[in-house]
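Close look at the chain arrangement
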Amino acid sequence: MVNAFIGLGSNLDNPKAHVIKALEELEQLPHSQLLLASKLYLSKPVGPQDQDHFINAVALVITELEPLTLLDELQAIEQRHQRVRERHWGPRTLDLDILLFGDQTIHHSRLTVPHAELPNRDFVIGPLLELSPNLSLPDGTQIQELLQSCPIDGLISIEA
Ligand code: ROI
């Protein structure tokens with residue numbers, strides 16, 4: 001059994017509803033249990049600025065699935081949300097990212113863990129710290145330390 005942190009994000013078609021529904025779908029993952037879900041956060045878009053703010057959250061799942069099987073399951077959930085990706089770093093109905101998979105480092109054509117952008121994204125670091133203030137990356141970096149190079153900027157926790 002491995003603890004996996006999963007990032008959720010949406011900025012299209014009632015983003016809050018997409019994220020809440022996705023959290024419910026994470027509860028149904030096979031051979032897995034949803035342990036914790038962060039609050040929902042309103043965040044400024046990273047990438048092109050001519051798009052709406054995002055709703056972001058992070059979930060902690062304990063799973064028996066292999067990382068690529070978990071990825072398949074997450075992509076199936078994205079598909080059910082009719083994920084559209086019109087342009088690189090553009091708006092999306094639902095993004096589900098494996099941020100951390102236990103203390104594993106994974107370099108695969110389909111999957112990089114820890115998520116390559118984790119250290120640069122306050123909308124991931126904030127909810128991770130909410131769920132697990134003493135969390136560290138496989139290389140030993142404390143998530144707390146990431147705030148020095150990636151301060152929280154305009155991340156607002158909202159009522160679900
Ligand atoms: N920006 C924010 N704030 N939240 C996201 O989830 C998010 N996801 C993305 C891009 C387009 C890079 N920007 C984002 O994929």
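Before any of the text, the structure's been laid out above.
Residues numbered from 1 in each chain as written. Predicted model: local features only at pLDDT ≥ 70, side-chain atom pairs only at ≥ 80, totals over all residues. Heavy atoms only, no water.

A tally of regular secondary structure across the chain gives 4 helices and 8 strands. What you see for the chain is a C-alpha radius of gyration of 15 Å, in line with the 15 Å of a compact globule of 160 residues. Taking the principal axes of its C-alpha atoms as reference, the chain extends roughly 40 × 35 × 30 Å. Per-residue burial over the chain gives 48% buried out of 160 residues. As presented, the chain carries roughly 8,200 Å² of accessible surface, and 48% of it is formed by carbon and sulfur atoms. (Helix = DSSP H or I, 4+ residues; strand = E, 2+ residues; numbered from the N terminus. Rg over C-alpha atoms; globule rule 2.2 N^0.38 Å. Buried < 20%, exposed > 50% of the residue type's maximum accessible area, 1.4 Å probe, protein only. Areas by Shrake-Rupley, 256 points an atom, 1.4 Å probe, with all protein chains shown as cover.)

In total, this model carries 0 aromatic pairs according to the counting rule given. We note R121 situated over the ring of W89; from NZ or CZ to the ring centre the distance is 5.4 Å. (Phe/Tyr/Trp six-rings, centres within 6.5 Å; stacked < 30°, edge-to-face > 60°. Lys NZ or Arg CZ within 6 Å of the ring centre and 35° of its normal.)

With respect to the helices, strands and loops of the structure, G9 is situated in strand β1 (residues 2-10). Sequence separation of G9 and A76 is 67 residues, and the distance between their C-alpha atoms is 15 Å.

Considering all chains together, one arrives at 4 salt bridges under this definition. The salt bridge involving E25 is made with R80; its shortest N-O contact spans 3.0 Å. Note that E25 is positioned in helix α1 (residues 15-27) and R80 in helix α2 (residues 67-80), a separation of 55 residues in sequence. Classification of R80 as exposed rests on a relative accessible area of 55%. Salt-bridge contacts for K44 lead to D153; the nearest nitrogen and oxygen are separated by 3.1 Å. Pair noted here: K44 is in the loop between β3 (40-43) and β4 (54-63) and D153 is in the loop between α4 (146-149) and β8 (156-158), with a separation of 109 residues, a long-range link. (Salt bridge = Lys/Arg side-chain N within 4 Å of Asp/Glu carboxyl O.)

Moving on: the pairing of strand β5 (residues 95-101). By the criterion of burial, β5 is predominantly enclosed, with 6 of the 7 residues buried. Where β1 and β5 come together, 6 bridges link them in antiparallel fashion. Of the residues in β5, the one forming a bridge with G7 is D97. (Pairing = 2+ DSSP bridges.)

This part takes up the environment of L29. As for its placement among the helices and strands, L29 is situated in the loop between α1 and β2 (32-37). On the basis of relative accessibility, which here comes to 5%, the residue L29 falls in the buried class. A sequence separation of 96 residues divides L29 from I125, and the C-alpha atoms of the two residues are 24 Å apart. Each residue touching L29, except ones within four places of it in the same chain, is listed here: V61, L70, E73 and I77. (Contact = heavy atoms within 4.5 Å.)

Right, let's talk about the site of the ligand for a bit. Within the structure, the ligand sits among 13 residues, and S43, K44, V46, N56 and R92 are positioned closest to it. N56 is positioned such that a nitrogen or oxygen atom in its side chain is 2.8 Å from an oxygen atom of the ligand. Within the side chain of R92, an N or O atom sits 3.2 Å from an oxygen atom of the ligand. Here the shell around the ligand is composed, by residue class, of 5 nonpolar, 4 polar and 4 charged. (Near = heavy atom within 4 Å. Polar contact = N/O pair within 3.5 Å; in protein donor to acceptor, adjacent residues only side chain to side chain. Nonpolar A, V, L, I, M, F, W, Y, C, P; charged D, E, K, R; others polar.)

In this model, α2 (14 residues) spans 20 Å end to end at C-alpha, consistent with the 20 Å of a helix rising 1.5 Å per residue. Looking at the buried positions of α2, the neighbouring elements they touch are β1, α1, β5 and β6 (106-107). Directly beyond the C-terminal end of α2, a positive phi value near 50 degrees is found at Q82. (Expected span 1.5 Å × (residues − 1).)

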